[in-house]
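The primary structure of each chain is shown beneath.
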Amino acid sequence: MNEQNQANFEAKIEADIQIEPKDWMPDAYRQNLIRQVSQHAHSEVIGMLPEANWLTRAPTLKRKAILLAKIQDEAGHGLYLYSAAETLGCSRQDVYQKLLDGKMKYSSIFNYPSLSWADIGVIGWLVDGAAIVNQVALCRASYGPYARAMVKICKEESFHQRQGYEAVTVLAKGTPEQKAMLQDAINRFWWPVLMMFGPNDSDSPHSAQSMAWKIKRFSNDELRQKFVDNTVPQVEALGMTIPDVDLQWDQSLGHYRFGEIDWKEFYQVLKGEGICNYERLNAKRKAWEDGEWVRTGAMAHSQKQKTVKSA
Ligand code: ACO
């Protein structure tokens, strides 16, 4: 029976038929998805924090309204993704507790501080831009609920990226101080954004299996290259520079070549030793504790409703 199930599963993957929650799937496929989808959900909710830092200091009412909408979108993305993870049989509370206990990861990029208003434009443009490159590919992931969640998420990320680019365009055409602020933000975010795509393929323990299962459609290095190729002309159009002396167009490859990423820094951030790791997790732990009365109240209300119905 198990062999037949395995054969059916493999045939579906081969034929690009999506796997649905009630379908049989190998346990390793299920666990790998719970890991990736939950980490992805955690990234969305932790990703609200660096932007929330600027909500009360946005330069105009229009910018504040846009930023607020974007942060709310990220909360929504987290909720879709936790729901998608739950269809795999995990409990939302369990994976969230693992985040709070530092036992599950979230994207390294959110452990960097947002120091200036230009950082908010750069987060929308480069961070969400990198997220889209990765997530468009995930719209064709082999697990149905994950792939479908990604379709709506990508539409919203696309708005985030465009508003970020529009915001940095204003700074790029602004005063010398605004231009310098933008260049400083690009200088600080460029390398951490490249790290968002994960380790090089040769050092990525999950990639080969995730690609064979068609959860990932492109490798970490392929997506990183695509992002660099898309983004360098945008930086040039703004009249800004990229902090990489090795960056150059390779005519024969049809791609930009770029310098070596500081992987030591990447692994330090993953270990919890980035600039903001402590602050980010503490903010989420505090929010969880502060929300205790809401959860208790909601549970008591739900219990009361059940009692009323059964009476
Ligand atoms: N930040 C934190 N952890 C990372 C990162 C990163 N940038 N890149 C890789 N890792 C972790 C992996 O999660 C994995 O950890 P684990 O074994 O403890 O689970 C380990 O490093 C090894 O990496 P890979 O083998 O390459 O892992 P994987 O195949 O899962 O690829 C990737 C990593 C590309 C991030 C993949 O999980 C993915 O596409 N996830 C969905 C997209 C996503 O989560 N985006 C988050 C940012 S977007 C946003 O929130 C706006």
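A brief structural summary. All of these numbers come straight from a predicted model, not from anything done at the bench. (Residues numbered from 1 in each chain as written. Predicted model: local features only at pLDDT ≥ 70, side-chain atom pairs only at ≥ 80, totals over all residues. Heavy atoms only, no water.)

### Examining the overall build of the protein
When helices and strands are tallied, the protein shows 13 helices and 2 strands. Taken against the 2.2 N^0.38 rule, which gives 19 Å for 311 residues, the C-alpha radius of gyration of the protein at 21 Å falls within 12% of a compact globule. Overall, the C-alpha framework of the protein stretches about 70 × 50 × 35 Å when taken along its three principal axes. In the protein, 76% of the contacts between residues at least 6 apart in sequence involve partners at least 24 apart. (Helix = DSSP H or I, 4+ residues; strand = E, 2+ residues; numbered from the N terminus. Rg over C-alpha atoms; globule rule 2.2 N^0.38 Å. Contact = heavy atoms within 4.5 Å.)

### Some words on the side chain of K214
If you trace the backbone, K214 turns up in the loop between α9 (207-212) and α10 (220-237). You can call K214 buried: its relative accessible area is 19%. When neighbours within four sequence positions are excluded, K214 is seen to be in contact with I13, E14, D16, R140, A141 and S142. (Buried < 20%, exposed > 50% of the residue type's maximum accessible area, 1.4 Å probe, protein only.)

### Remarks on the site of the ligand
Contacts to the ligand come from 29 residues, most closely from Q39, K105, S204, H206 and K216. M196 is positioned such that a nitrogen or oxygen atom in its backbone is 3.3 Å from a nitrogen atom of the ligand. At 2.7 Å, a side-chain N or O of K216 approaches an oxygen atom of the ligand. Those elements giving two or more residues to the shell around the ligand turn out to be α2 (27-46), α6 (117-138), α7 (144-172) and α11 (263-273). Take the shell around the ligand: its biggest share by element is 6 residues, from α2. (Near = heavy atom within 4 Å. Polar contact = N/O pair within 3.5 Å; in protein donor to acceptor, adjacent residues only side chain to side chain.)

### Notes on the packing of α2 against helix α4 (residues 61-86)
α4 packs onto α2 with a crossing angle of 160° between their chain directions and a minimal axis gap of 8 Å. For the element pair α2 / α4, the angle class is roughly antiparallel. Where α2 crosses over α4, the two elements pack in a sense that is left-handed. Contacts between α2 and α4 pair V37, S38, H40, A41, H42, E44 and V45 from the former with E74, H77, G78, L81, Y82, A84 and A85 from the latter. (Axes fitted to C-alpha atoms, helices over the stretch in contact; angles between N-to-C directions. Parallel < 35°, antiparallel > 145°, perpendicular 65-115°, else oblique. Left-handed = near helix turned anticlockwise from the far one by under 90°.)

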